[in-house]
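Examining the three-dimensional arrangement
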Amino acid sequence: AQTLMAYNLGVATDVWGQIPYSEALQPDAYSKPSFDKQSSIYNSIQALLNEAIVSLSASTVKTGPGARDLIYGGDPSMWIKAAWALKARYYNHLSKVRPDLQDSVLICTSHAFADNSESCTFNAFQNTSIGSNPWYQFYQDRNYLAISSTFYNLLTSLGDPRLDYYADKIGGVIKPAPIGEATSDQSGTVYSRPSANVQGPTTPISLIDYKEVKFLEAEVYFRKGLAHDAYLAFEAAVTASFDEIGMPGAAAYIATLHDEANLTLTDILTQKYISGYEAGALEAYVDVRR
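Residues numbered from 1 in each chain as written. Predicted model: local features only at pLDDT ≥ 70, side-chain atom pairs only at ≥ 80, totals over all residues. Heavy atoms only, no water.

1. Considerations on the environment of Ser40
Structurally, Ser40 is set in helix 2 (residues 38–56). Taking the C-alpha atoms as reference points, Ser40 and His258, separated by 218 residues in sequence, lie 39 Å from one another. (Helix = DSSP H or I, 4+ residues; strand = E, 2+ residues; numbered from the N terminus.)

The structure is reproduced here in structure tokens:
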């Protein structure tokens, strides 16, 4: 609960900035709770995650939620790894205002996920009107979503094979929607939709995953001038993205990108953006703002 509260506070403050928290959830005492500064919310996120790690590490035997925990089946060791991963994410969000936290990011990632199987992923959606993937629900309610020309052009320019996984085809080809010029297409016959691979009724959604952890490491190592470590983390992150969707050819694709000597921060964040399509949209938004 502490880990999930921290995660949801992160989502809320990254979207809205100042949010009610310290006086919230107490309607009898505060009918109009005050808004907390984002800096305060970020401190609260880290405090909650620290408390979660201590709580989950307790040696006393407890009866956990078991199968009612729809992410880790009641395994406290995996929730500890998720808490460490989230700590790394929210420390790294402060890259411009708190560059002194770079080592803290790396300490946290060292305690986080070891591979894709440990990612904090919700995989219990149902193909029902109220139990399906929320991205899918949004699409069903509005029926306007399409692959943008920006995303299409980026992946095409990189020769990225994940484009075929991400997008549906119309007449055997992907037809992106031009930004600012697209016409209404509720029928889905003009522009290609995001595929069911990323936007199906039961498509899993990760709150935070292994590939993000490796992208965080790559970014921090790059900022610290550790080119070799940055490249190794970058390779691991992109490879994890391919493995996650069952796509071969990660090594060949990585070979077409910048090598260790020429790797840039733009390379790292661009691949993080592509790999996060589409449930990673909020992190992409935060990265652009940073």
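2. Quick look at the side chain of Ser95
Looking at the secondary structure, you find Ser95 in the loop between helix 3 (76–92) and helix 4 (102–110). In this structure, Ser95 is in contact with Glu219, Arg223 and Arg290, ignoring residues within four places of it in sequence. (Contact = heavy atoms within 4.5 Å.)

3. Remarks on the environment of Ala146
By the secondary structure assignment, Ala146 is in the loop between helix 5 (134–142) and helix 6 (149–158). Classification of Ala146 by relative accessible area gives partly exposed; the value is 23%. Remark: the alpha-carbon pair of Ala146 and Ala112, spanning 34 residues in sequence, is separated by 34 Å. If near-sequence neighbours (up to four positions away) are discounted, Ala146 is found in contact with Ala177, Tyr191, Ser192, Arg193 and Pro194. (Buried < 20%, exposed > 50% of the residue type's maximum accessible area, 1.4 Å probe, protein only.)

4. Considering the nonpolar core
In terms of nonpolar packing, the biggest core is built from 38 residues, with Ile45, Tyr72, Phe113 and Cys120 touching the most fellow members. Elements with a contribution of two residues or more to this core: helix 1 (2–16), helix 2, helix 3, helix 4, strand 4 (205–208) and helix 9 (210–223). Counting residues per element, this core draws most heavily on helix 3, at 11 residues. One finds Ala218, Tyr231, Ala237 and Ile254 within the second-largest nonpolar core, a separate group that totals 17 residues. (Core = buried A, V, L, I, M, F, W, Y, C linked by side-chain atoms within 4.5 Å.)

5. Section: the side chain of Asp160
Position of Asp160 relative to the elements: it lies in the loop between helix 6 and helix 7 (162–166). Separated by 2.7 Å, the side chains of Asp160 and Arg162 make a polar contact. Contact partners of Asp160, with chain neighbours within four places excluded, come to Leu155, Tyr253, Gln271 and Ile274. (Polar contact = N/O pair within 3.5 Å; in protein donor to acceptor, adjacent residues only side chain to side chain.)

6. A few points about helix 10 (residues 227–244)
In a regular helix each residue adds 1.5 Å, so 18 residues correspond to 26 Å; helix 10 covers 25 Å between its end C-alpha atoms and thus fits that length. Of the residues making up helix 10, those classed as buried are Ala230, Tyr231, Ala233, Phe234, Ala237, Val238, Ala240, Ser241 and Phe242. As for helix 10, its buried residues are in contact with helix 7, helix 9, helix 11 (250–255) and helix 12 (265–275). Directly beyond the C-terminal end of helix 10, a positive phi value near 70° is found at Gly246. (Expected span 1.5 Å × (residues − 1).)

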